[in-house]
Amino acid sequence: HGVRKVTVLGATGSIGDSTMDLLRASPERYQVEALTANSNVEGLAKLAIEFNARFAAVADPAKLGELRAALDGTGIACGAGEQAVIEAAARPSDWVMAAVAGAAGLKPALAAVDRGATVALANKECLVCAGEFFMERAAAANACILPADSEHNALFQALASGNRDELTKVIITASGGPFRTWAAADIEQATLAQALKHPNWSMGQKITIDSASMMNKGLEVIEASWLFALTPDEIEVVVHPQSIIHGMVEFSDRSVVAQLGAPDMRIPIAHCLGWPERIIGRAAPLDLTKIGQLTFEAPDFVRFPGLRLAYDALRAGNGATTVYNAANEIAVAAFVKEQIRFGAIARLVEETLNSWIRSGNLAPLSSADEAIAVDHKARNLAASLLPQIAA
Ligand code: NDP
Ligand code: MG
């Protein structure tokens, strides 16, 4: 086996950190081609130097001087701005981790897809924004998409024990987040600190808030539909507070195949890094006797309307999931700035979707560029609805 060239988009984030931890464990196996960040120049430069990357890019164009200075004398090339991040993804490498947060990760991920790379996809928002075109372009370029999201990675592994036409449904689990047992009135008033206290997983800020609202599970239902060509009826969500079973596939003979693992993203990332082989993991082994019991509950679509809205958007199609994601990104950003209450996140998404549909904007999309245009328009619409939602 030769040395594999790898690129990490979003290297300074939570998924980036887990990915670099795995790469660090086997330096003889991997050559880091490119690393990217949004604005964290210090973290990016540190990683680029440690891994002797060929190229480092920061999305914030104002940070070019700072990045140049940090890499001065290292021989590591660098760039700044959206185009530089796309260039990082487009540079030849065998394996790309797509771990930018939000729909901002779509264009860079597509640049990796279009050159036929193996792409470990953590960035679910890019599939929710433009899943159809993402998968089409992957097929056209013969790119291999490996799901890095734990639930989808579990489904990918479980699917290997049957044929696609023998599948009857898939089940993705949800921890239920910090508000799983809370009354609706308390969820409405939840603070940022409370939303950021995830019971099982340590993750970036946006996905942690999405987990608290269960928007994350909604995004994942949509993500699963594109990754595995599933209808909404074929995707079930089960609340499983221990987060040990990540996903299950039910086949026609009623066998249900599950993947288990500790709630540590290094497990699905290691699967993506090793595939089609298995590498040595970095997570602690699973000790079921210590966990004692695995429990399951039906999700509550009333206290967590974000999950219901995901199914609605998926059924509506025609750009509705793009709007769902865009409105949620605006809502989460507003919640972080304490402009809206926690309960208003789902209300803003619902109001944006309703307004979008009422105005007759629902229409078939034909390209990723069209999805990006819808994303921009829906962000503006959601931002314009913010004041009335905040009131
Ligand atoms: P973080 O917020 O921790 O990290 C995001 C990364 O993307 C950082 O490197 C950040 O740079 C960079 N970034 C942010 N905005 C932009 C932008 N506009 N342009 C370019 N780069 C940008 O997020 P996570 O690692 O938690 O999540 C990344 C993705 O993976 C998300 O889509 C999330 O849903 C998904 N995911 C995450 C899981 C987790 O356990 N964390 C689990 C499953 C999926 P900077 O550091 O400079 O801000
Ligand atoms: Mg997940």
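- As named in an unreviewed UniProt entry, the protein chain is 1-deoxy-D-xylulose 5-phosphate reductoisomerase, taken from Rhodopseudomonas faecalis.
- You can read under Function (unreviewed entry) in the UniProt record for the protein chain the words "Catalyzes the NADPH-dependent rearrangement and reduction of 1-deoxy-D-xylulose-5-phosphate (DXP) to 2-C-methyl-D-erythritol 4-phosphate (MEP)."
- Recorded in UniProt under Pathway (unreviewed entry), the annotation for the protein chain is "Isoprenoid biosynthesis; isopentenyl diphosphate biosynthesis via DXP pathway; isopentenyl diphosphate from 1-deoxy-D-xylulose 5-phosphate: step 1/6."

A closer look at the overall build of the protein chain
Here is step 1 of the chain: Across its full length, the protein chain holds 17 helices and 11 strands.
Here is step 2 of the chain: For the protein chain, whose C-alpha radius of gyration is 20 Å, the value lies close to the compact-globule estimate of 21 Å for 391 residues.
Here is step 3 of the chain: The dimensions of the protein chain, computed from C-alpha atoms along their principal axes, are 55 × 50 × 40 Å.
Here is step 4 of the chain: Sorting the 391 residues of the protein chain into buried and exposed places 49% on the buried side.
Here is step 5 of the chain: Put simply, 68% of the contacts in the protein chain that link residues at least 6 apart link residues at least 24 apart.

Some remarks on the packing of helix α6 (residues 124-141) against helix α15 (residues 320-336)
Here is step 1 of the chain: As a packed pair, α6 and α15 sit with axes 7 Å apart at the nearest point and diverge in direction by 140 degrees. Taken together, the axes of α6 and α15 are oblique relative to one another. Here E125, V128, C129 and A130 of α6 lie close against α15, whose contacting residues are T321, T322, Y324 and N325.
Here is step 2 of the chain: The residue inventory of the contact of α6 with α15, partitioned by class, reads four nonpolar, three polar and one charged.

Scoring rules and cut-offs
Residues numbered from 1 in each chain as written. Chains lettered and ligands numbered in written order. Predicted model: local features only at pLDDT ≥ 70, side-chain atom pairs only at ≥ 80, totals over all residues. UniProt positions renumbered as here; feature names shortened; annotations may be inferred. Helix = DSSP H or I, 4+ residues; strand = E, 2+ residues; numbered from the N terminus. Rg over C-alpha atoms; globule rule 2.2 N^0.38 Å. Buried ≥ 20, exposed ≤ 12 C-beta atoms within 10 Å, placed from the backbone. Contact = placed C-beta atoms within 7 Å. Axes fitted to C-alpha atoms, helices over the stretch in contact; angles between N-to-C directions. Parallel < 35°, antiparallel > 145°, perpendicular 65-115°, else oblique. Nonpolar A, V, L, I, M, F, W, Y, C, P; charged D, E, K, R; others polar.

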